[in-house]
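Residues per chain are reported as follows:
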Amino acid sequence: MLETKAENEMTIVAKKNAVMKWCKHASGHAATYGGKRWQYVLIPHDAIAENMTLDGLAMKYAAN
């Protein structure tokens, strides 16, 4: 799950925690039928450029 935010809005702790919990539950359910793992990636809006890939953004900004 990718989300973009302005740099000054990147500290949305309550929402981040809720989305990470959802991804954990979705990943657990998906594992029961061989589905893919869900991951939350919060990306600063000014980090997106034409030369960036989704994998590159996910590796750099993945929420832990």
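Residues numbered from 1 in each chain as written. Predicted model: local features only at pLDDT ≥ 70, side-chain atom pairs only at ≥ 80, totals over all residues. Heavy atoms only, no water.

1. A few points about the overall build of the chain
Our working definition: Numbering goes from the N terminus for both helices and strands, where a helix is a DSSP run of H or I of at least four residues and a strand is a run of E of at least two. In this scheme, a residue with accessible area under 20% of its type's maximum is buried, one over 50% is exposed, and one in between is partly exposed, where area comes from a 1.4 Å probe on protein chains only. Here a residue-residue contact requires only that any non-hydrogen atoms of the pair lie within 4.5 Å. Only the protein chains shown count as covering a residue, and every accessible area follows the Shrake-Rupley method with a 1.4 Å probe. Positive residues here are Lys and Arg, negative ones are Asp and Glu, while His and the chain termini are left out of the count. Working definition for charges: the position is that of NZ of Lys, CZ of Arg, CG of Asp or CD of Glu.
A tally of regular secondary structure across the chain gives two helices and two strands. Reading the chain from its N end, one meets helices and strands in the order β-α-β-α. Structurally, the chain occupies a C-alpha span of about 35 × 30 × 15 Å along its principal axes. Per-residue burial for the chain yields a buried fraction of 25% across its 64 residues. Contacts spanning at least 24 positions in sequence make up 49% of the contacts within the chain whose residues lie at least 6 apart. When the accessible surface of the chain is split by element, carbon and sulfur atoms take 56% of a total near 4,900 Å². For the chain, the centre of its 8 positive side-chain charges and the centre of its 6 negative side-chain charges are spaced 14 Å apart.

2. With respect to the nonpolar core
So the rule is basically this: What we call a nonpolar core is a set of buried Ala, Val, Leu, Ile, Met, Phe, Trp, Tyr and Cys residues that are connected through their side-chain atoms within 4.5 Å.
Formed by Met10, Val19, Cys23, Tyr40, Leu42 and Ala63, the largest nonpolar core amounts to six residues. With residues up to four places along the chain from it excluded, the contact list for Leu42 reads Glu3, Lys5, Met10, Ile12 and Tyr61. Residues Val41, Ile43, Ala47 and Leu57 belong to the second largest nonpolar core, which totals five residues.

3. A short note on the side chain of Ser27
With respect to the element layout, Ser27 can be found in helix α1 (residues 13–31). Excluding anything up to four places from it in sequence, Ser27 contacts Arg37 and Trp38.

Just distances and angles here, no functional claims.
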